Amino acid sequence: MTSVTEASPPRRPAGRTPGGARPRRAVDHGAWFLVLPALLPILVLSVGPLLYGILLAFTDAQSGRTEPTQWIGGLNFRDLLHDTLFWESFRIGLVWAVGVTVPQFLLALGLALLLNQGLRLRWLARALAIIPWAMPEVVVGIMWRLVYNPDAGILNETLRDIGLGGGRDWLSGLATALPAVIVVGVWAGMPQTTVALLAGLQNTPRELHEAAAVDGASAWRRFRTVTWPALRPIALAITALNLIWNFNSFALVYVLTSGGPGGRTRLPMLFAYEEAFRYGQFGYAAAMGCVMVAVISIALAVFLAGRLRGGDDA
């Protein structure tokens, strides 16, 4: 009698249905309860006001009016296209953002490279480097107003002592107000950039530097071939964030100059603030905010796409 062994059916790959598709994962509803405590503040404090501001931009909302708010469509945006004062403030905002971000990054990079060396009392130097970061912007603004004081400020006193004159009103001069405010912005924002770059430097393997030094590479070549490739992702992220933070600055410039003199330091946020809370044009100010968000988002997307494409090619 011949025994016939039946061929066993082929085994299905694990995790697949007979049709070949992967089974759907069961939704873990319990995970949503863990996410909600962090998600609700974002929805209530960020997404909600943003959507309300977009809605407000299409109305004629004003303070002190007795008539109900009317839906006016895109009239606020049409008026913005012809508002030369707004676009001038936008230009000033771009000059401010770039003028602060670029020196901020270069100085922070140099400081991070210095603090990454084996210096004595390095812990103290690192602690002192982040002091401006720990100070509120209002306090920083008041402190620098005292520094720039035309009569008793430390800057003018120093210039007098070394024979370079003095008595200049730095924050009220048409030619000096914006550069003076940019200096304060660089000083106040440099610590967080330094901390981010220093963290990247400390994560770079020291063996790579030692191998490059053994091969006879100069300090500049070691920086270009070892240090900078490791820092590039961090530099990209912190530069993009700094551009956003600096363009949206309000408190520091408001305390220093309130947008003066003659609108030379009137950033877009200051312009929108004045329209909303000084002149009561809430709908028009909301339209300004929408335009600022849209333009800075597009510019940031183009910047990030270009940098990431350049990184991929490299």
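Scoring rules and cut-offs
- Residues numbered from 1 in each chain as written.
- Predicted model: local features only at pLDDT ≥ 70, side-chain atom pairs only at ≥ 80, totals over all residues.
- Heavy atoms only, no water.
- Helix = DSSP H or I, 4+ residues; strand = E, 2+ residues; numbered from the N terminus.
- Buried < 20%, exposed > 50% of the residue type's maximum accessible area, 1.4 Å probe, protein only.
- Contact = heavy atoms within 4.5 Å.
- Areas by Shrake-Rupley, 256 points an atom, 1.4 Å probe, with all protein chains shown as cover.
- Axes fitted to C-alpha atoms, helices over the stretch in contact; angles between N-to-C directions.
- Parallel < 35°, antiparallel > 145°, perpendicular 65-115°, else oblique.
- Left-handed = near helix turned anticlockwise from the far one by under 90°.
- Nonpolar A, V, L, I, M, F, W, Y, C, P; charged D, E, K, R; others polar.
- Salt bridge = Lys/Arg side-chain N within 4 Å of Asp/Glu carboxyl O.
- Patch = residues over 30% accessible without salt bridge, like charges linked within 9 Å, V, L, I, M, F, W, Y side chains within 5 Å.
- Core = buried A, V, L, I, M, F, W, Y, C linked by side-chain atoms within 4.5 Å.

A. Structural context of the overall build of the protein chain. The secondary structure content of the protein chain amounts to 13 helices and zero strands. Counting across all 314 residues of the protein chain, residues that qualify as buried make up 33%. Put simply, 64% of the contacts in the protein chain that link residues at least 6 apart link residues at least 24 apart. Accessible area for the protein chain stands at about 19800 Å²; split by element, carbon and sulfur atoms hold 65% of it.

B. View of the packing of helix 9 (residues 206–214) against helix 10 (residues 219–247). Running from amino to carboxyl end, helix 9 crosses helix 10 at an angle of 150°, the nearest separation of the two axes being 10 Å. Relative to helix 10, the element helix 9 is oriented roughly antiparallel. Note on packing geometry: the crossing formed by helix 9 with helix 10 is right-handed. Packed against helix 9, whose contacting residues are L208, H209, A212 and A213, the element helix 10 presents R222, V226 and T227 at the interface. Split by residue class, the contact of helix 9 with helix 10 holds four nonpolar, two polar and one charged.

C. Molecular detail of the pattern of salt bridges. As enumerated under the stated definition, the model contains four salt bridges in all. With a closest N to O distance of 2.7 Å, R91 and E88 form a salt bridge. One end of the pair, R91, and the other, E88, are both in helix 3 (residues 84–115), three residues apart, so they sit about a helical turn from each other. For R91, a relative accessible area of 44% gives the class partly exposed. On the accessibility criterion, E88 (34% relative accessible area) is partly exposed. Among the salt bridges present, the one from R160 reaches E157, with a minimum N-O distance of 3.0 Å. Of the two residues, R160 and E157 both sit in helix 7 (residues 154–161), three residues apart, roughly one turn of that helix. Under the relative-accessibility criterion, R160 is labelled partly exposed at 34%.

D. Just a nonpolar patch on the surface, in detail. On the surface, F33, L36, L40, I42, L43, V44, L45, V47, L50, L51, I54 and V293 cluster together into a nonpolar patch covering about 1100 Å² of accessible area. With 11 residues, the single largest contributor to the nonpolar patch is helix 1 (residues 29–56). Take L36: it is sitting in helix 1.

E. Region of the structure containing the packing of helix 3 against helix 8 (residues 177–202). Contact geometry for helix 3 and helix 8: axes closest at 6 Å, N-to-C directions at 45°. Here helix 8 runs oblique to helix 3, going by the angle between their axes. Our pair here, helix 3 against helix 8, has a crossing hand that is right-handed. Tallied by class, residues from the contact of helix 3 with helix 8 come to 21 nonpolar, six polar and no charged.

F. Structural view of the nonpolar core. Of all hydrophobic cores here, the largest spans 22 residues; its most connected members are W96, W144, Y148, V184 and L256. Secondary structure elements with two or more residues in this core: helix 3, helix 6 (137–147), helix 8 and helix 11 (251–256). Among the elements that line this core, the one with the most residues is helix 8, at seven residues. One finds F247, A287, M288 and C290 within the second-largest nonpolar core, a separate group that totals 18 residues.

G. Focus on the environment of I234. Counting through the fold element by element, I234 comes out in helix 10. Along the primary structure I234 and L198 are separated by 36 residues, whereas in three dimensions their C-alpha atoms are 10.0 Å apart. Among all residues touching I234, those that are not within four sequence positions of it are A196, L197 and G200.

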